[in-house]
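# Observations on the three-dimensional arrangement
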Amino acid sequence: RPDPADVDTPMSRNIVMLANAGPKPWDTRIFHKEARSLKTAGHAVTLIIPHSEDYTQDGVQVLHVPLPRKGWEQLVRCPWNIFRLALKQPKDSVFHLHDSELLIAGLALKLFGRKVVYDAHEDTPLQISYQHWIPAIVKPFYTLFYRILEKLAGWWFDAIIVAEPVIAKYFPSNKVTLIRNFPIAGSFSRQPDEAQRQNYLTYIGLLSKARGLMEMLEGHRLAAQQTDVTLVLGGKFAPASLEQELLPRARVDFRSWLSYDQMIDTLYRSRIGIIIPHPIERYLTNYPVKLFEYMAAGIPVIAARDGESSKFVSEAGAGILVDPLKPEEVSAAIHTLMTDRAAAVAMGERGRRLIFEKYNWEREAATLAALYKKI
C-alpha cells in the first residue's frame, strides 16, 4: 500500500509557474516567496523560465526554454517556447503567469481549457510609458494593446493576483487578490549586530536616473566631505550605458547583481538603506520591496517623502524622509544617521519590529494558500 504521506490530498494541485524573467530563476517573489510557499503548502510546483538547464531546487522543478540572444526574442520567441512547454504539463494544472509578455500565452492556455492565474507585479500600462527603448510614437499603441490584453485576462482568467493596490483598478474586483511583496521575515531572523556593521549607505535595485541614482551619488559626495561613509550599489544599470558614464567618476562600491543571500548579508553589514525615486506616478503608488528589506535587516532608511511607501516609514518612525530631488537633503540625512548612532539604531529597531509584526511575507503566503484552496 502507498504511504499516505505520498498521496496528494484533495486540496493539492499541480501549479506551473511561467516567467519570462531571463537567466535568473531565483527571483525573490517568484521563487523564494511564491513557489516555495506553495510547495510548503503541499502543492507540486514547476517553474518554466528561460534558462540554461533543467533542475530541481527546494522541491521546485525548474524546466528551461532557450535563453534569448536578442531583445525581440525575449518578447516573442521566449513566450512562444514557454507556451509550447506549458502545453506538455498535466492538463489539470493551474498555470500561474508572472509577466505581462505571457498574457497571450495565458489566453491561449484558456482556449485549451486550462486554469490560469495572472500575477500582476506592476502597473504594466504605466510602465510602458517610462521604457526608454520604446519609440515615443509607438508607446500609445503599445499601452492600448496591453490594456486590452489585461482586460481580456480579467474577464477570462480564473484569478488575478496584484502586488500593489493601485494595480487592482485594471481588473474585475471579484477576481482580484492582493498579495503584497513584503519580505520573508524568516530570512531576516538573525539578530542584527551593530559591531559587524560598516559605514555603508546601501541601495539595491535597478540603477536609473528616475530611481534617484544621480541624487544618491551627489548626496553621498556631499556627505562624504564630512562623514566617513561608503555608498554601496547593488543591481544593474538602466540603460546599461549609465555604468560607463557614471562609475569611472563616482566613488562607490559597485557590486552588480546580488543573489538573495548576498543581498541579505550586505544589508546586515550596512548602517543605512536608501531609496529615493523621483516623484513620478510610477513610483508614487508602488511598494518597493527593498524598503521593507532594509527595515527587516534593522537599518534606518532614507526615503522619498511623497508616495505610498513613505507611510510605512512614518508608521514606524523607521528613518528620514527627504525631497528626492534635493541632494543637500539627502546629504543631511546621511550625516544625521551616521553621526547620531543611538537614534539610527532605534529607527532600525522600530522598522524591524513593524516588519516582523505586520508587514511580512508569511502573512501574505497565507493569503496565497487560501486563494489556491479556493481555485
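Check the entry above for the structure.
Each value, and the rule that gives it
- Residues numbered from 1 in each chain as written.
- Predicted model: local features only at pLDDT ≥ 70, side-chain atom pairs only at ≥ 80, totals over all residues.
- Heavy atoms only, no water.
- Helix = DSSP H or I, 4+ residues; strand = E, 2+ residues; numbered from the N terminus.
- Rg over C-alpha atoms; globule rule 2.2 N^0.38 Å.
- Buried < 20%, exposed > 50% of the residue type's maximum accessible area, 1.4 Å probe, protein only.
- Contact = heavy atoms within 4.5 Å.
- Areas by Shrake-Rupley, 256 points an atom, 1.4 Å probe, with all protein chains shown as cover.
- 1 Å grid on protein atoms, 1.4 Å probe; cavity = no way out; pocket = protein on both sides within 12 Å on 5 of 7 lines; lining within 4 Å.
- Points joined across faces, edges and corners; volume = space filled by probe spheres on them.
- Nonpolar A, V, L, I, M, F, W, Y, C, P; charged D, E, K, R; others polar.

It is worth spelling out the overall build of the protein chain at this point. Summing up its helical and strand segments, the protein chain has 15 helices and 14 strands in all. The C-alpha atoms of the protein chain give a radius of gyration of 21 Å, which matches the 21 Å a tight globule of 375 residues would have. Across its three principal axes, the protein chain shows a C-alpha extent of roughly 65 × 55 × 40 Å. Residues classed as buried in the protein chain amount to 52% of the 375 residues present. Long-range pairs, those at least 24 residues apart, make up 67% of the contacts in the protein chain with a sequence separation of at least 6. Carbon and sulfur atoms provide 54% of the accessible area of the protein chain, an area that totals close to 17,200 Å².

Within this structure, the stated rule accounts for one cavity of 30 Å³ or more. Counted as a void, the largest cavity has a volume near 60 Å³. Along the walls of the largest cavity sit P277, H278, P279, Y283, L284, A304, R305, D306, S309 and P324, which together make up its complete lining. Across the lining of the largest cavity, the residue classes tally to six nonpolar, two polar and two charged.

Turning our attention to the environment of T177. The topology assignment puts T177 in strand 8 (residues 176–178). Along the backbone, T177 and A163 are 14 residues apart, and their C-alpha atoms lie at a distance of 8.8 Å. Beyond its immediate chain neighbours, meaning those up to four positions away, T177 contacts I160, I161, V162, T367 and L371.

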